[in-house]
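Architecture and fold: a report
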Amino acid sequence: MTNNGRIAVVDLGGQYCHLITRRLRDFAIPSDIFPPAVPAQTLSDYAGVILSGGPQSVYDSDALTVDQDLLNLRIPILGICYGHQLLAKLLGGQVSRQNGEYGFAQLRTTSATRQGENLLFRHTPSVQQVWMSHADAIVSLPSELMTLATTDRCTCAAFAHASKSIYGLQFHPEVAHTEFGSRILENFARYICGIGAKDTPNIRVGILCERIRQAATGRSVFFLVSGGVDSTVAFALCGRALPKERVVGLYVDSGLMRQGETEELRANLAAVGLAERLRIWDASAVFLKALEGKIEPEEKRQIIGRLFVEIQAEAMKQFGINPEHWLLGQGTIYPDTIESGGDSGRAALIKTHHNRCDEIRELIRQGKVIEPLAELYKDEVRELGRELGLPPKLTDRWPFPGPGLAIRCLCTREQRAAAPLAKEISAGLAGQGVQGVVLPLRTVGVQGDARTYRMVIALQPSEQPVDYQRLRYLSSTLCNENTLANRVIWLISPLRPLSGVSITPATITRQRIELLRQADFIVRSAVERANLAHTVWQFPVVLAPIGFESGESIILRPVNSVDGMTASFAALPWSLLNSISARLQELTGIDAVFLDITNKPPATIEWE
Ligand code: XMP
């Protein structure tokens, strides 16, 4: 029987479900996403089925499942993470809550895999780096499933059915940090599902311009531009697709932007002939007033998103623009949507991105929004920017979030000292030449496809120097083995005992934002001077109300990533970090400087 040469991806609510289709697109394999309730018969023409990850446990009372007839269709099936656990359960295995495994893990294929020349792991080494995000795990397999791979914390990291084409992977082959993930997915599609190479065109400028012209028929576009890569590329695309008089850009100066942002944006737009289409609106006082006294990250994010919509409406009125004839343009990319809870109602809310607040969702429902990049990821947007002729200084620049410095300026009502770590954890750390405390400071993480809001562990060396390899091991182990913390930071300086650190109440003020802006500028300039900016994907600089005396701390968060969906902390030279730290401590009000040594997962890139 012939099939349609496509893969069906069943969305079980995972953060990376859409990323599976993007990876398949990278090697020209077409795919379609379906909800879990899709009847097996609907998929009977497909060449293969992939079950995505998801935030639930397979034993939850409302756990998502699939039509069991799928298992009898004789179509190859691959389950990923939750999908892997669900397949094991449906086939008679057992799953249970274990210690977590988040971010980096070392995968070892079993001898059965190697001897049997298993097609899924074809052309991949027997030991490889994979990225994990799970707390539940398979603890027993039915006899017809055999284990293909393990990790230190997971006895069944991959399985295959003995007689049917059914496979499971506990790790995520679709994320960029899984070293041979693309190859494993391609192996599934080509060798197991038998899909030949097709000509699936990459999304390019021409195709997107055509879509913009169709979506904006009879209307013009009023674009919210932030100066970042996404909104500038999206605005430039609209400028290419439509006559210039039908495109207006609005840059809202929220007072939460980095130093020099407005000037850079003007220069970048001039390169594509759009500088004169830009309007600037100073709303810094409004944003600061609205954020006064606000502590919780989600509350801040909702306020900021709402203000952007209100200001845009006010600006349209003042410019005499009739909303009936105009669409609101935004540079939203796919990670913004999925992190904000996605569109299907199945994914967890990790953090509300400014372009996905309730007010924007309502405008989308009314058909009043145009988002040319909504299906794309950051690396694809950069590629488009280059194709459009935008300057490399823009296309290669570190991403900066819409809510700006507000979500890097941590706030609290607490007043207390750092707490000692539990005895067993401290004893383990002492063996590693490291001491630590728990900071009474909470940050956002993404663990097992769900949001966490947990404490931070701070570490410092107790005797011998500690290298990055050890720090990576320590931060992974600490977050995997306890549910207290989702982030670990390392004290760069001053080298004083961490037991002396305490937290003091703080909220967003003009002075704190200005202090953070200066710190951010110092860090950016130092990394650029060292000619190392291109070695880091993004470098958030965070102001935290913790310190040894009356001052606060700066936390450096350099990360490596491809698309922002997963990340590893970047290992910059210690000499550079030490000199940045010394320079930051010259700022009045800065007491200490830390380095964030957590991957994503378990932590997110931004702290809030
Ligand atoms: P996290 O912190 O969730 O972020 O790992 C992934 C990427 O998204 C950026 N980010 C945002 N970008 N509006 C944006 O335009 C937002 O509200 C927002 N929140 C996070 C973040 O900087 C990182 O690159």
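Keep in mind that what you see is a predicted model, and the values were worked out from it rather than measured. (Residues numbered from 1 in each chain as written. Predicted model: local features only at pLDDT ≥ 70, side-chain atom pairs only at ≥ 80, totals over all residues. Heavy atoms only, no water.)

1. Considering the pairing of strand E8 (residues 154-161)
Note the threshold: For the exposure calls, accessible area comes from a 1.4 Å probe over protein chains only, and a residue counts as buried if that area is under 20% of its type's maximum, exposed if over 50%, partly exposed in between. Each helix is a run of DSSP H or I of at least 4 residues and each strand a run of E of at least 2, with the numbering of both proceeding from the N terminus. Two strands pair if DSSP finds at least two bridges between them.
Of all the eight residues making up E8, seven are buried; the element is thus mostly covered by neighbouring parts of the structure. In terms of strand pairing, strand E7 (residues 145-151) meets E8 through five bridges, oriented antiparallel. Along E8, the bridge assignment pairs Thr147 with Phe159. Taking the residues between adjacent antiparallel strands as the criterion, E7 and E8 are bridged by two residues. Between E8 and strand E9 (residues 166-169), which pair antiparallel one after the other, the connecting turn spans four residues.

2. As for the side chain of Arg356
As a reminder, the rule being used: Polar contact criterion, stated in full: a pair of N or O atoms within 3.5 Å, where within protein one must be able to donate a hydrogen and the other to accept it, and residues adjacent in sequence count only if both atoms are side-chain atoms. Contact definition: two residues touch when any of their heavy atoms are within 4.5 Å.
Here Arg356 shows up in the loop between helix H10 (334-339) and helix H11 (358-365). A polar side-chain atom of Arg356 sits 2.6 Å from a polar atom in the side chain of Glu371. The residues touching Arg356, leaving out its near neighbours within four places in the chain, are Gln330, Thr332, Asp336, Thr337, Ser340, Arg361, Ile364 and Glu371.

3. Overview of the site of the ligand
The line we're drawing: One heavy atom within 4 Å of a molecule or strand is enough for the residue carrying it to be called near that molecule or strand. Each accessible area is a Shrake-Rupley result for a 1.4 Å probe, and residues are judged covered by the shown protein chains and nothing else. Method remark: on a 1 Å grid restricted to protein atoms, a set of points is classed as a cavity if a 1.4 Å probe fits but cannot get out and as a pocket if it is open with protein on both sides within 12 Å along at least five of seven lines; lining residues have an atom within 4 Å of a point. In this description, a molecule resides in a pocket or cavity if more than half of its atoms sit within 2 Å of the grid points defining it.
Surveying the vicinity of the ligand reveals 16 residues, the closest of which are Glu339, Lys351, Gln538, Ile605 and Glu606. Between an oxygen atom of the ligand and a side-chain N or O atom of Glu339, the distance comes to 2.5 Å. The side chain of Lys600 places a nitrogen or oxygen atom 2.8 Å from an oxygen atom of the ligand. In isolation the ligand has 490 Å² of accessible area, and contact with the protein removes 92% of it. For the ligand, the cavity whose grid points lie within 2 Å of the majority of its atoms is the largest cavity.

4. Here we look at the sheet that holds strand E22 (residues 546-547)
On the basis of which strands lie adjacent, the open sheet formed by three strands has the order E15-E20-E22 and antiparallel pairing. Two strands close off the open sheet at either side, each with one partner strand: strand E15 (416-417) and E22.

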